[in-house]
Amino acid sequence: MKHRYILDMESILSKIQQHGYESIHIHHTGGSTHDEMGEGARAAIRMRQAIKNEHVNNQNWLDIGYHLLLMKDGIWVKGRSFHNRPASIRGHNSGAFAIAVVGNFETDKLQGEQLEEITKLISELQRVGYEEDEFLLHREASATACPGTNITREKLFSYEEHS
Ligand SMILES: [Zn+2]
């Protein structure tokens, strides 16, 4: 099933460059763990809808907070319109692009296709000029554990090592 919300890395990269974001925020979704999630495009679209419902109905945001979701099987899913500022990190949303790695990384491990995709995207963004300090893990700017103990800078910037 090909769906308009499922994106490939090439189109993500070109859109990020077009928009010229000043910073890239990294979150996890928290809550549900990988064991509780399905795989494939259908599960990805359902997950997007569940997160959107939570953000719109419980947080009272206008739309899903993040621009992009990364599923456990490495599928990228479009969230909020790339034209709009995210509901990402209070005080840091202007000029920001917000990515959520789907899972609860207090217990889930960042591995397999999900690790491959996020580290590759970060590495490609560095190649087109983003500096390491233009990436922000949620907990670096707020009192939160997000994106979870198992998502560290060391892991996110490790693409060369495991490719
Ligand atoms: Zn967060």
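Heads up: these notes are all about the structure in this document. Keep in mind that what you see is a predicted model, and the values were worked out from it rather than measured.

Let us look at helix H3 (residues 112-127). The end-to-end C-alpha separation of H3 is 22 Å, in line with the 22 Å expected for 16 residues at 1.5 Å each. Taken together, the buried positions of H3 are Gln114, Leu115, Ile118, Thr119, Leu121, Ile122 and Leu125. Buried residues of H3, viewed axially, fall in a sector of 155°; they line one side. Residues of H3 that are exposed and point more than 90 degrees away from the buried face comprise Gly112 and Arg127. Directly after H3, the chain includes Gly129, whose backbone phi takes a positive value near 120°.

Where helix H1 (residues 9-19) meets H3, the axes come as close as 11 Å, and the angle between the chain directions of the two elements is 40°. Compared by their axis directions, H1 and H3 come out oblique. In the packing of H1 onto H3, the handedness of the crossing is right-handed. Contacts between H1 and H3 involve Met9, Ile12, Leu13 and Ile16 from the first element and Lys120, Leu121, Glu124 and Leu125 from the second. Considering only residue class, the contact of H1 with H3 consists of six nonpolar, no polar and two charged.

We now examine the sheet that holds strand S2 (residues 23-28). Here we have six strands laid out as an open sheet, ordered S1-S4-S3-S5-S2-S6, and mixed in their pairing. At either margin of the open sheet sits one strand with a lone partner, and together these are strand S1 (6-7) and strand S6 (135-137). Two strands pair when backbone bridges link them, and S2 and strand S5 (residues 96-101) are joined in this way by six bridges, in the parallel orientation. In the strand pairing of S5, His28 is matched with Val101. Strands in contact with H3 are S2, strand S3 (68-70), strand S4 (76-78), S5 and S6; relative to S3, the strand with the most contacts, it is inclined by about 135°.

Moving on: the pairing of S2. The element S2 is extensively covered by neighbouring structure, given that five of its six residues are classed as buried. The pairing of S2 with S6 spans three bridges and is classified as parallel. Each residue of the ladder has a partner; that of Ile26, found in S6, is Leu137.

Here is what the cut-offs are and how they apply
Residues numbered from 1 in each chain as written. Predicted model: local features only at pLDDT ≥ 70, side-chain atom pairs only at ≥ 80, totals over all residues. Helix = DSSP H or I, 4+ residues; strand = E, 2+ residues; numbered from the N terminus. Expected span 1.5 Å × (residues − 1). Buried ≥ 20, exposed ≤ 12 C-beta atoms within 10 Å, placed from the backbone. Arc of directions from axis to C-beta. Axes fitted to C-alpha atoms, helices over the stretch in contact; angles between N-to-C directions. Parallel < 35°, antiparallel > 145°, perpendicular 65-115°, else oblique. Left-handed = near helix turned anticlockwise from the far one by under 90°. Contact = placed C-beta atoms within 7 Å. Nonpolar A, V, L, I, M, F, W, Y, C, P; charged D, E, K, R; others polar. Pairing = 2+ DSSP bridges.

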